Amino acid sequence: MEKKKVLVLTGGGDCPGLNAVIRGIVRRARKEKDWQVYGSIEAFNGVLKEPMEVIKLNKKNTAGIHVKGGTILKTTNKGNPLDYPITQKDGSIVTVDYSEQLIEKLQDFGVHAVINIGGDGSQKISQHLHEKGLNIIGVPKTIDNDLSGTDFTFGFRTAVQIATDSFDKLVTTAESHHRVMIMEVMGRDAGWIALHTAIAGGAEVCLIPEIPYDIDKVVKRINSRYTKGKGFANIVIAEGAKPFGGEAYENESGEEGYAHKRLGGVAYRLSQQLKEAGCMADIRETVLGHTQRGGTPIAFDRILGSMFGVKAFEMVLEKKYGQMVSYKNNDICSIPLSEAISTYNFIDKDAYIVKAAKGLGISFGN
């Protein structure tokens, strides 16, 4: 008897724990004699290419991958099948809705269900494809922790650990040189990585997108750390942070098919703002960038990713299509994709974690 096929893909930015999810799906599927797992290379691109770039996933090629960063299936943020970039003969780019062709190719290949591992953008694609009749299940993935419907996404804790380790190193060099050290972390429009890192590292200032900052108040906090030119201060700033009345520091990516504006460099803008506002301290900037995405996932993310993978395949067996795996109240469950993408997971300014940070003496510049 021909086995049923489930197709797995990883889209968007890479994230520690992706391989643990893939391995979890494969290992759980092996307990069912009539199922076979396949993987699409570079998200939906693997299906849309001619010939298709799809590989069979088994015990051998997924053994031990849960400890590795990245994804064995590779990933892309330029493969939205609903708005797919096509290069014309003259070099220009047009975008085409390839969703119907995608679903047709999946049917021709004999795919019974798709498991899409990705963040907010990927799950919006999942919802659209579900509405078009595709049997699809989402798995939440992002280091930014900005996807609603789940208490945590895998990869977030590893990103925070990497950022905290880096911050600890900056504290000692700041103290040695009487400097202000600014460390920029990822997060896009949410400040989860910055806030958790600031609390873990003992920052004096934490600037996040949800709380616009007053540069004069930041300078005041820094000055309180200095006596006769001696002292130091450490600042964590999220890449999407912005001043009162200002906008986030964004750049056009310049890459065809990339939907987001590219963030990054806000640490240097803050440094300049501090100098213009009269901060006399010596200032240095560090932008962590993609180091937060790489390397070995910590144990928490390996465990969470593994549980997500097992749950995702069990949802296939239960035909819970149009839903996303979720981590709620220390348990694994599922919620409708429509609910998961309905709101962006911003930090609530009145949340206890913000109050606790203020109680620890951390300034948000407001």
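Here we summarise the structure given alongside this text. Just so it is clear, the structure is predicted and the values come from calculations on it, not from any experiment. (Residues numbered from 1 in each chain as written. Predicted model: local features only at pLDDT ≥ 70, side-chain atom pairs only at ≥ 80, totals over all residues. Heavy atoms only, no water.)

**Regarding the packing of helix H8 (residues 215-223) against helix H9 (residues 266-276)**
Here H8 crosses H9 at 80°, and the two axes come no closer than 10 Å. The angle between H8 and H9 falls in the class roughly perpendicular. Between H8, through Ile-215, Val-218, Val-219 and Ile-222, and H9, the contact on the second element is made entirely by Leu-270, Gln-273 and Leu-274. Along the lines of polarity and charge, the residues of the contact of H8 with H9 split into six nonpolar, one polar and no charged. (Axes fitted to C-alpha atoms, helices over the stretch in contact; angles between N-to-C directions. Helix = DSSP H or I, 4+ residues; strand = E, 2+ residues; numbered from the N terminus. Parallel < 35°, antiparallel > 145°, perpendicular 65-115°, else oblique. Contact = heavy atoms within 4.5 Å. Nonpolar A, V, L, I, M, F, W, Y, C, P; charged D, E, K, R; others polar.)

**Quick look at the nonpolar core**
Ranked by internal contacts, the top residues of the largest apolar core, which has 63 residues, are Ile-115, Ile-117, Val-139 and Phe-154. Examining the composition of this core, we find that seven residues originate from one element, helix H6 (residues 156-177), more than from any other. Ile-117 has contacts with Val-8, Leu-9, Thr-10, Gly-11, Leu-18, Val-21, Ile-22, Ile-25, Gln-123, Val-139, Lys-141 and Phe-154, leaving out every residue within four places of it along the chain. Of all hydrophobic cores here, the second largest spans 20 residues; its members include Ile-237, Ala-241, Val-266 and Ile-283. (Core = buried A, V, L, I, M, F, W, Y, C linked by side-chain atoms within 4.5 Å. Buried < 20%, exposed > 50% of the residue type's maximum accessible area, 1.4 Å probe, protein only.)

**Examining the environment of Leu-270**
By the secondary structure assignment, Leu-270 is in helix H9. On the basis of relative accessibility, which here comes to 0%, the residue Leu-270 falls in the buried class. Taking the C-alpha atoms as reference points, Leu-270 and Glu-104, 166 residues apart in sequence, are found 50 Å from one another. Among all residues touching Leu-270, those that are not within four sequence positions of it are Ile-182, Leu-207, Tyr-213, Ile-215, Ile-235 and Ile-237.

**Focus: the side chain of Asn-116**
Structurally, Asn-116 can be placed in strand E6 (residues 111-118). Aside from chain neighbours lying at most four places away, what touches Asn-116 is Leu-9, Phe-44, Ser-122, Gln-123, Ser-126, Ile-136, Ile-137, Gly-138 and Val-139.

**Thoughts on the pairing of strand E7 (residues 136-140)**
For E7, the tally of buried residues reaches five of five residues, placing the bulk of the element in the interior. Residues Ile-136, Gly-138 and Pro-140 line one face of E7 and the alternating positions Ile-137 and Val-139 line the opposite face, and both faces are buried. Of the pairings in the sheet, the one linking E6 to E7 comprises five bridges and is parallel in character. Paired with Val-114 across the strands is Ile-136, a residue of E7. Traced from E6 through helix H5 (residues 120-131) to E7, the parallel crossover comes out right-handed. (Pairing = 2+ DSSP bridges. Right-handed = clockwise from strand over helix to strand, strands pointing away.)

**Considering the sheet that holds strand E2 (residues 35-40)**
Ordered in space as E3-E2-E1-E6-E7-E16-E17, the seven strands form an open sheet in which the pairing is mixed. Edge positions in the sheet fall to strand E3 (54-57) and strand E17 (331-336), since each has one partner strand and no second. For this sheet, the mean inter-axis angle between neighbouring strands, taken without regard to orientation, is 30°. Here six bridges tie strand E1 (residues 4-10) to E6, and the two strands are oriented parallel to one another. Of the residues in E6, the one forming a bridge with Thr-10 is Ile-117. Against the sheet, helix H1 (residues 18-29) contacts E1, E2, E3, E6 and E7, and its axis sits at roughly 155° relative to E6.

**So, the packing of aromatic side chains**
Summed over the entire model, instances satisfying the criterion amount to nine aromatic pairs. Seen in terms of ring centroids, Phe-300 and Tyr-327 are 6.4 Å apart; in terms of plane orientation they differ by 85°. Their pairing is edge-to-face. Residue Phe-300 is found in helix H10 (residues 299-317), and its partner Tyr-327 is found in strand E16 (residues 323-328); the two are separated by 27 residues along the sequence. A relative accessible area of 24% means that Phe-300 is categorised as partly exposed. Here Tyr-327 falls in the buried class, since its relative accessible area comes to 10%. Ring geometry for Tyr-344 versus Phe-346: centroids 4.6 Å apart, planes at 55°, classification tilted. By relative accessible area, which is 23% here, Tyr-344 ends up partly exposed. Through successive ring pairs, a cluster of aromatic residues spans Phe-152, Phe-156, Phe-300 and Tyr-327. Its end group placed over the ring of Phe-232, Arg-225 keeps NZ or CZ at 4.8 Å from the ring centre. (Phe/Tyr/Trp six-rings, centres within 6.5 Å; stacked < 30°, edge-to-face > 60°. Lys NZ or Arg CZ within 6 Å of the ring centre and 35° of its normal.)

Everything listed here is a matter of coordinates, which is why it stays silent on function.
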